[in-house]
Amino acid sequence: MEILHVSAECYPMAKAGGLADVVGALPKYQQHLGHIAKVVMPMHRTEFLYDNEWEVVHKGYFSMAHYNFDFTIIREKTNKLHFDLYCVDIHGLLDREKIYGYDDDTERFMAFQIAVTEWLSKWEHHPDVIHVHDHHAALVPFMMQQCFAYRHLARIPTILTIHNAQYQGWMGWDKVTYIPAWDTWKWGLLDWANTINPLACGIKCADKVSTVSPGYMNELMYAANGLENLFNYEKGKCSGILNGIDYSVWDPAIDTYILDNYSISDFEDGKALNKKKLCDDFGFDIQNPLFVFIGRLVNEKAADLLPQAFRIALEKAGGKCSFLVLGSGETAVEQALQQIQHNWIGFYNSQIGYNEKLSHQMYAGADFLLMPSRVEPCGLNQMYAMRYGTVPVVRSIGGLKDTVIDYGGENGYGICFNHASVDDIVYSIGRGRELYNNKITLAKVRKTMMMVNNSWETSARKYIDLYKSIYK
Ligand code: ADP
Ligand code: GLC
């Protein structure tokens, strides 16, 4: 089978979060299973773009309302990712440093999707499945089915994977002229609550809809940021497939970002050396348990609760624990996390920004990883933490509930709590300290979690089965 993934991000070309990790790994594992998987994404101006060789494979043009655009599709020449990576260059629109966060993101991602569909319509042969990810690519199935110029693509099966239903790509009906000529009787496919809603449109038009954990799929039926009725109506084509992690990138035995490589047989020494480096770099006492948070500083991740939780936890522990935060996002949360730094020198530190290398060092060197998420469709951090022998301390929701078992239960290895609240976080930090002081149980818990198999293999197969169910 030949699968084309359409996405805004793909690691290592461009990453803002877990979407990139998934789109950088799933195609690789689909190739291992004997299929041809390809990715097409916008040509963001990243280091990977400049460090690699590219060839032009297509040049075309399209109109978006009264604007005309030329576009170029380039392909990475050396098969570095073990699958074909294509980027869409639209001068002035897509060739920018950041992936998101511009005032004209609506126009940028609309243009990206039109260019991809236009390119597809010119292919001599067609992929067997088009797999679109999140709202930035969710209008592609609609365009393939309803735009007059692309209707010959309508027979190709499509699947939409929702990585996060909080973001839907809403745009006013005044932007409808951006979409290439389409059958306006079908306006209802674009509409949800009187706006154009690309994610809702994708759910209506794609042959199958998946999300990134079974638990989150269940939650979407009653908590989907306004799309609950739609999910209930389309239930029959929806399923949850748990994300995996890429063992060729996330493995403490071969990770080149960390100071000392280790595996399940020598994790105690390996983790101790990596912890020492982190503690030296951030001024912590190595004797104290080290709790870290890594992530986007947005409402869903509940990082806004951390300053208060850290204050109370430090008071309770009489200063006998350390906290390190790596993240970027909402300015108010960034500032709050930076301001408290001066109060607790030696116990708390933060790095505001994006730092891939430091994230690996934190998974390896920390004792505990905090994830108090309000919403967590899957979450990859907890799986990386487990792979690196770092105990996940998570709110039991979405994918976190599907992947972390509390160490109080049989074969458990994590610390789970129910509410995204300061109280629950503080209580769980307390449980973490207790576990840290019980070296025998801690070693057992670490061993158990390092043995859990979260590789992509099983889930990559599940996607192939899903494609087969719609293969025409
Ligand atoms: P989400 O996609 O919602 O952000 P995930 O848990 O699925 O959450 O994936 C987050 C990914 O982004 C992980 O690979 C994590 O290590 C990485 N990440 C998040 N914030 C940062 C940061 N500031 N620096 C480096 N890596 C980060
Ligand atoms: C989203 C979700 C996260 C998930 C990731 C990859 O960003 O917030 O939970 O792990 O996508 O699917």
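A quick note: this is a predicted structure, and the numbers were derived from the prediction, not measured.

The next point concerns the site of ligand 2. Around ligand 2 there are 13 residues in total, and His163, Asn243, Glu376, Cys378 and Gly379 lie nearest to it. Taking asparagine 164, its side chain carries an N or O atom lying 3.2 Å from an oxygen atom of ligand 2. The contact in question runs from an oxygen atom of ligand 2 to an N or O atom on the side chain of asparagine 243, over 2.8 Å. For ligand 2, the accessible surface in isolation is 310 Å², of which the surrounding protein chains cover 93%. If one sorts the elements of the shell around ligand 2 by residue count, helix 1 (residues 18-32) sits on top with 3 residues. Partitioning the shell around ligand 2 into residue classes produces 6 nonpolar, 5 polar and 2 charged. Looking at the shell around ligand 2, you find at least three residues from each of domain 1 (2-244 + 457-468) and domain 2 (267-453).

This part is about the packing of aromatic side chains. Across all of its chains, the model carries 19 aromatic pairs by this definition. With a centroid separation of 5.0 Å and an interplanar angle of 55°, the aromatic rings of tyrosine 86 and tryptophan 119 are classed as tilted. Of this pair, tyrosine 86 sits in strand 5 (residues 84-89) while tryptophan 119 sits in helix 3 (residues 105-122), and the two are 33 residues apart along the sequence. By relative accessible area, which is 4% here, tryptophan 119 ends up buried. When the ring of phenylalanine 291 is compared with that of phenylalanine 323, the centres are 5.6 Å apart and the planes differ by 35°; the resulting orientation is tilted. A residue pair is termed long-range when its members are at least 10 positions apart, and phenylalanine 291 in strand 12 (residues 290-297) and phenylalanine 323 in strand 13 (residues 322-329) qualify at 32 residues. On the accessibility criterion, phenylalanine 323 (0% relative accessible area) is buried. Taken together, the ring pairs in this structure connect Phe291, Phe310, Phe323, Trp344, Tyr348 and Phe368 into an aromatic cluster. Over the ring of tyrosine 102 we find lysine 98; its NZ or CZ atom is 5.0 Å from the centre of that ring.

Turning next to the side chain of lysine 28. Relative to the elements of secondary structure, lysine 28 occurs in helix 1. Among all residues touching lysine 28, those that are not within four sequence positions of it are Leu81, His82, Phe83, Asp246, Ser248 and Val249.

When the terminal C-alpha atoms of helix 15 (residues 422-437) are compared, their 23 Å separation across 16 residues agrees well with the 22 Å that a helix rising 1.5 Å per residue should span. Buried within helix 15 are the following residues: Val422, Asp424, Ile425, Val426, Ser428, Ile429, Arg431, Gly432, Leu435 and Tyr436.

In the vicinity of ligand 1 lie 20 residues, with Lys15, Gly18, Asp21, Arg296 and Lys301 positioned nearest. Within the side chain of lysine 301, one N or O atom sits 2.7 Å away from an oxygen atom of ligand 1. Take tyrosine 363: an N or O atom from its side chain is 2.8 Å from an oxygen atom of ligand 1. Coverage of ligand 1 by the protein amounts to 94% of the 560 Å² it exposes when considered alone.

Conventions we followed
- Residues numbered from 1 in each chain as written.
- Chains lettered and ligands numbered in written order.
- Predicted model: local features only at pLDDT ≥ 70, side-chain atom pairs only at ≥ 80, totals over all residues.
- Heavy atoms only, no water.
- Near = heavy atom within 4 Å.
- Polar contact = N/O pair within 3.5 Å; in protein donor to acceptor, adjacent residues only side chain to side chain.
- Areas by Shrake-Rupley, 256 points an atom, 1.4 Å probe, with all protein chains shown as cover.
- Helix = DSSP H or I, 4+ residues; strand = E, 2+ residues; numbered from the N terminus.
- Nonpolar A, V, L, I, M, F, W, Y, C, P; charged D, E, K, R; others polar.
- Domains from an automatic or database assignment.
- Phe/Tyr/Trp six-rings, centres within 6.5 Å; stacked < 30°, edge-to-face > 60°.
- Buried < 20%, exposed > 50% of the residue type's maximum accessible area, 1.4 Å probe, protein only.
- Lys NZ or Arg CZ within 6 Å of the ring centre and 35° of its normal.
- Contact = heavy atoms within 4.5 Å.
- Expected span 1.5 Å × (residues − 1).

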